[in-house]
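Chain by chain, the residues run as shown.
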Amino acid sequence: MSLVSEEFPDVVPYKAEEITIPADVTPERVPTHIVDYSEAEQTDEQLYQEISKVTWCKLMVFFSLLQVTSHWIPLINDRTDKDSRVPLILVGNKSDLVEHSSMETILPIMNKYTEIETCVECSAKNLKNISELFYYAQKAVLHPTGPLYCPDQKEMKAACVRALTRIFKVSDLDNDGILNDNELNFFQRTCFNTPLPPQALEDVKNVVRKNTTDGVCVDGLTLKGFLFLHTLFIQRGRHETTWAVLRRFGYDDDLELHQDYLFPLLKIPPDCSTELNHNASLFLQGVFDKHDKDRDCALSPEELKDLFDVFPYMPWGPDVNNTVCTNEHGWITYQGFLSQWTLTTYLDVQRCLEYLGYLGYSIIAEQESQASAITVTREKSLDLQKKQTQRSVFLCKVFGGPGSGKSGLLQSLLGHNLMHQKMIREEHKSYYAISTAHVYGQEKYLLLHEVFPDFDYLSESDLSCDVVCLIYDVSNPCSFEYCAQIFKQYFVDSRVPCMLVAAKADLPEVRQQFSPSPLDFCRTYRLPPPQSFTCNTASTPSKDIFIKLATMATYPSHLNSCELIWLQYHARLRCMCTCNRCTFCLCQNFLNSELLHTVKAKLYTAISSRFLLLAARLPVFSVSSGLLMHMSQVDLKSSSVWLRVSLGAAVFAVLGFTMYRLLLKPR
């Protein structure tokens, strides 16, 4: 009542009315609801209900502390949740009636009961420490000391040290173990929206120098000095400074990273995928450079461990080295580093958001949350409708029977030949592989996923992809049947482009028991013919097949897939495409037709006869018939090139246009 009226009332009721202090009149800018209790007017049941709802509790003390330790503290602890400790304020009331302070008596109790945040002596009659009392109450709730500091040992608790250590490493932008002036100013602006003047920085470092031996190094603050500063803040009652830092970096009252910080809201409509955007790539490039201390464009196991030191666990296992590109030592390269992040974003975007949160993306990139690092692509159905896409990551599911060469195909994407694959331990094997492929000059990520060869238990997620790779062993007569059955059961009516791969092409090819043959099967279902592939090479396996898969995934129109491949590989696809639907196949069939060969032969004969007749009539050639024939043959041979070119161009232009109108227009 003295707080509200700012004067001592003449008549004090047993129980004051409930009071709410508005947020705009409190230093912490939060509303405070005050509830009084009177044993004379209220029952124990009402008391228990009020205790279960409080966020802080004030215990009034007058002369004796016996009831505080024997009754009130046990009662409050028993009636509140064990996981959410209620801070207590121990108040010595009516201090105007005594001449001495009781703080020496109270300090042992405060040390014994860690839930007691502070102790205040006040007087409602003299208005002594009344407003301060409620300020400390708010402070006890918003900035509790208990999770940060152990008064018995006079040091910060392990959880607080662990959180501040992560904050130090995230703020150490060059990873040299020291916060220089620029990094300290960035830290200051991040947490308190204002930089420190140069003299203030020097004063801070001087305080650390006087109290610690290794707190300052090369005119910068070390981790030891950083922890000392926060210990000093807490000991001097300024633990709100430490809490401001902790909460800015995503920590909750239990010193765990808040779920809202790790998993910000990100809406992903159906049939859409997720990719890293340019800002995320720049951030990850900075993270890679920060930890690549030897500048060899690869992360050694020690460097990778140092990178993930800000994580509560190691996020990447040994299988990652067989999922992305590595150097000759088996260390993850920069391309492999970005590829793994791309894979995580595509397959599990929530995990990616969590990882970026641990690395402090929103802090370093100065973004609202990790969600700003993610691009949500438009629906795949819309891409198919418009026959173009802005996506850069494409998923290829690899189907094949046991021993067909699926793992070899995945490892070949990473540049690993058969010799390298034999050295991979079974527990380090990966069912994913991701790398880049260039499609018409644009860099795309191709993600291969080896599907477990269980024909009867393929789920919808197993079948969802951008392109399908059906692989069989050319040396195994029973291998192709699995691919044929998979295609006919799951993909024959699908709009997903499919490619058949004839693996282990270095081995003698045998006749497949399944009928029709792989080539006839492709002709029947209008697929590209089987693509020969082998990883049993002395050097890096060829990546042509992966470029073809990436091209088919980027341009998934089933009618035009062969055309797109031909545009990129026209010099090598003369015997490849047999779909009999694309322009390439129609022109090839026309040029090889008997009709065209007959026309060409007749035209050649007619022109040759006419040329001989004209030559015979010229006086310059009035010599023996043998010499005339010899010269004519020489001229015909020398003119064969331009004859073929002119005839081919003319016939192709006229008849090709006619065939196009007759065959393609009705479709």
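Residues numbered from 1 in each chain as written. Predicted model: local features only at pLDDT ≥ 70, side-chain atom pairs only at ≥ 80, totals over all residues. Heavy atoms only, no water.

Novice: Please clarify how the packing of aromatic side chains should be interpreted in this entry.
Specialist: Aromatic ring pairs are described here by two measures, namely the spacing of the ring centres and the angle between the planes. Applying the stated criterion across every chain, the model contains 24 aromatic pairs. When the centroid spacing of 5.3 Å and the interplanar angle of 65° are considered together, the rings of F288 and Y334 count as edge-to-face. With F288 in helix α12 (residues 278–291) and Y334 in helix α14 (residues 334–347), this residue pair connects regions lying 46 residues apart in the sequence. Of the aromatic side chains, those joined through ring pairs into one cluster are F288, F308, F311, Y313, W316, Y334, F337, W341, Y355 and Y358. (Phe/Tyr/Trp six-rings, centres within 6.5 Å; stacked < 30°, edge-to-face > 60°. Helix = DSSP H or I, 4+ residues; strand = E, 2+ residues; numbered from the N terminus.)

Novice: I tried to follow the pairing of strand β16 (residues 442–450) on my own but got confused; where do I start?
Specialist: Consecutive side chains of a regular strand alternate in pointing toward one face of the sheet and then the other. Counted residue by residue, β16 has seven buried out of nine residues, so it is predominantly covered. The pairing of strand β15 (residues 432–439) with β16 spans eight bridges and is classified as antiparallel. Each residue of the ladder has a partner; that of A437, found in β16, is K444. Counted along the chain from β15 to the antiparallel partner β16, the turn is two residues long, and its residue Y440 has a positive phi close to 50°. (Buried < 20%, exposed > 50% of the residue type's maximum accessible area, 1.4 Å probe, protein only. Pairing = 2+ DSSP bridges.)

Novice: Sorry if this is basic, but what is going on with helix α9 (residues 223–235) here?
Specialist: In an α-helix there are 3.6 residues to a turn, and that puts residues three or four apart on one side. Compared with the 18 Å implied by 1.5 Å per residue over 13 residues, the 18 Å span of α9 between its first and last C-alpha is a close match. Burial analysis of α9 places 10 of its 13 residues in the buried class, the great majority of the element. (Expected span 1.5 Å × (residues − 1).)

Novice: Even after reading the chapter, I still don't get the environment of F228, so can you show me in this structure?
Specialist: Relative to the assigned elements, F228 resides in helix α9. Each C-alpha atom, one on F228 and one on E155, is 9.4 Å from the other, the two residues being 73 residues apart in sequence. Those residues in contact with F228, other than ones at most four positions away along the chain, are V207, V208, N211 and T212. (Contact = heavy atoms within 4.5 Å.)

Novice: Would you mind going over the sheet that holds strand β17 (residues 467–473) with me for this structure?
Specialist: Backbone hydrogen bonds hold the strands of a sheet together, and the pairing may be parallel or antiparallel. Spatially, β15-β16-β14-β17-β18-β19 is the arrangement adopted by the six strands of the open sheet, whose pairing is mixed. At either margin of the open sheet sits one strand with a lone partner, and together these are β15 and β19 (531–532). The strands touched by α14 within the sheet are β14 (393–399), β15 and β16, with β15 carrying the most contacts at an inclination of about 105°. (Axes fitted to C-alpha atoms, helices over the stretch in contact; angles between N-to-C directions.)

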